[in-house]
Amino acid sequence: MNIQFRESTEAASPLTTKTAIADCDIHPARATRTELYPYLAKRWQHHLEVYGVHAYQGMMEGPPYPKAQPNASRRDAYPPEGGPQGSSLSFMQKQLLDPNNVQLGVLNPLNTGQGIRNHELSAALCSAINDWQIDKWTSRDKRLKASIVVGNEDGLSAAAEIRERAGDKNFVQVLLLSRNVEPLGQRRYWPIYQAAEEAGLPVGVHAFGFGGNPITPSGWPSYYIEEMVGHSQCQQSALASLVLEGVFERFPKLKMVMIEAGFGWAPSLAWRLDKAWQRLRSEVPHVKRPPSEYIREQVWWTTQPMEDPERREDLFDVIKWIGWDRLLFATDYPHWDYDEPSRVLPAGVSEANREAFYLGNARTLYGIDDGASCHRASG
């Protein structure tokens, strides 16, 4: 378990059992290999049995790093009834939701079929994942809300999936990954943004994914630690592409959430983009305002992995630029670098900022009123 802020130098921000929390990055897992089959046509069940899903099609991040399940998750998160970590609702309730008074939990499934080159298979798997999220999770605990998983390399089918799910209160955002065939601002992805804007749904960009290229500009790194640190680099590339390709200018009501890549890099990226834009703006006339303005207005950030500077003041300086109203608390449950809610904020935060950080911002962004996500579903 990851403990944030060194106890010897910074006091933690105390939480009580009454502190209500939104956890904006929870990873549900399938208990068995065939758990999706009831939601797939016979054709795709047969396809998976005969052909499977090849690594190069997008289910892995290239060469293996020493991280594969179950090592990616907490060792204490195995359900007592068996199965991988994150696959049991009852155990998730006992270990995460109930003790932390989680009033809103946003599900971000991974290993879903996003990015598979067989676009029909990708769309079928993503749709099955969406049905599975409702049946196994959101219909059984009203605190949980799902993300619309889409086959993002086929923008038209992804947009169709978004429109089919639009208005379904089980879903609060669209889920993309940060590593794709092309940078996320490219036009092949625009139908996704148009459909999300029409539906009034934020688009979450989660770390991971695989577009067929190395995860660095110079090739494959040697170590898992490089993979972990590289998440922020991929998110920076994705965000720069979204700004400079004119996505935010074209879709001014679109809201983006950058998930599981930290946020400390945001100010310096915005400053650098602004400086370059001042000198090179004639190349991108469709970017009509300084890039930092689009980022401030249309981008939110989940906190996990929470930044951990030596001096508390440095963290507050970063948050001041981003805005307390743009941060969404997240634990990354059940993964190994889980952020404990009581340890992520140092002392000295105002009550208004604390409430916004832990719950208010998420409710506002996702359109959840005070009574919509505060109890379990019966049964």
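Reference entry: report on the structure contained in this document. (Residues numbered from 1 in each chain as written. Predicted model: local features only at pLDDT ≥ 70, side-chain atom pairs only at ≥ 80, totals over all residues. Heavy atoms only, no water.)

Some words on the sheet that holds strand S8 (residues 327-328)
Remark on secondary structure: sheet strands pair via backbone hydrogen bonds, oriented parallel or antiparallel. Selection rule: By this definition, two strands are paired if DSSP reports at least two bridges between them. The helix count covers DSSP runs of H or I at least four residues long, the strand count covers runs of E at least two residues long, and both are numbered beginning at the N terminus.
Spatial strand order, S1-S2-S3-S4-S5-S6-S7-S8: eight strands in an open sheet with parallel pairing. Two strands in the sheet have a free side with no partner beyond their single neighbour: strand S1 (21-26) and S8. Where strand S6 (residues 256-259) meets strand S7 (residues 299-302), three bridges bridge the pair, whose relative direction is parallel. Along S7, the bridge assignment pairs valine 257 with tryptophan 300.

Details of the packing of aromatic side chains
Convention followed: Pairs were defined over the aromatic rings of Phe, Tyr and Trp, the Trp ring being its six-membered one, requiring ring centres within 6.5 Å. Orientation was assigned from the angle between planes: stacked under 30 degrees, edge-to-face over 60, tilted for the rest. Each residue is placed in one exposure class: buried if its accessible area under a 1.4 Å probe, protein chains only, is under 20% of its type's maximum, exposed if it is over 50%, and partly exposed if it falls in between. Comment: the charge-over-ring label is applied if NZ (Lys) or CZ (Arg) is within 6 Å of the ring centre and within 35 degrees of the ring normal.
Scanning the model with the defined rule gives ten aromatic pairs in all. Between tyrosine 333 and tyrosine 338, the ring centres sit 6.3 Å apart and the planes meet at 75°, which makes this aromatic pair edge-to-face. A residue is classified by how much of its surface remains accessible, and tyrosine 338, at 2% relative accessible area, is buried. Among the aromatic residues, those joined into a cluster by ring pairs are Phe316, Trp324, Phe329, Phe357 and Tyr358. The positively charged end of arginine 74 is found above the aromatic ring belonging to tyrosine 338, 4.4 Å away from the centroid. Its guanidinium or amino end placed over the ring of tyrosine 294, arginine 289 lies 4.6 Å from that ring's centre, counting from NZ or CZ.

Details of the nonpolar core
Note that soluble globular proteins tend to have their nonpolar side chains buried in a common cluster. The test is simple: Take the buried residues of types Ala, Val, Leu, Ile, Met, Phe, Trp, Tyr and Cys, join any two whose side-chain atoms come within 4.5 Å, and each joined set is a nonpolar core. A contact between two residues is defined here by any heavy atoms of the two lying within 4.5 Å.
Formed by 101 residues in total, the largest nonpolar core has its most connected members in Tyr193, Leu239, Trp301 and Tyr366. For this core, the element with the most residues is helix H3 (residues 119-138), which contributes nine residues. Ignoring anything within four residues of it in the chain, the contact list for leucine 239 reads Phe248, Met258, Trp265, Leu269, Ile295, Val299 and Trp301.

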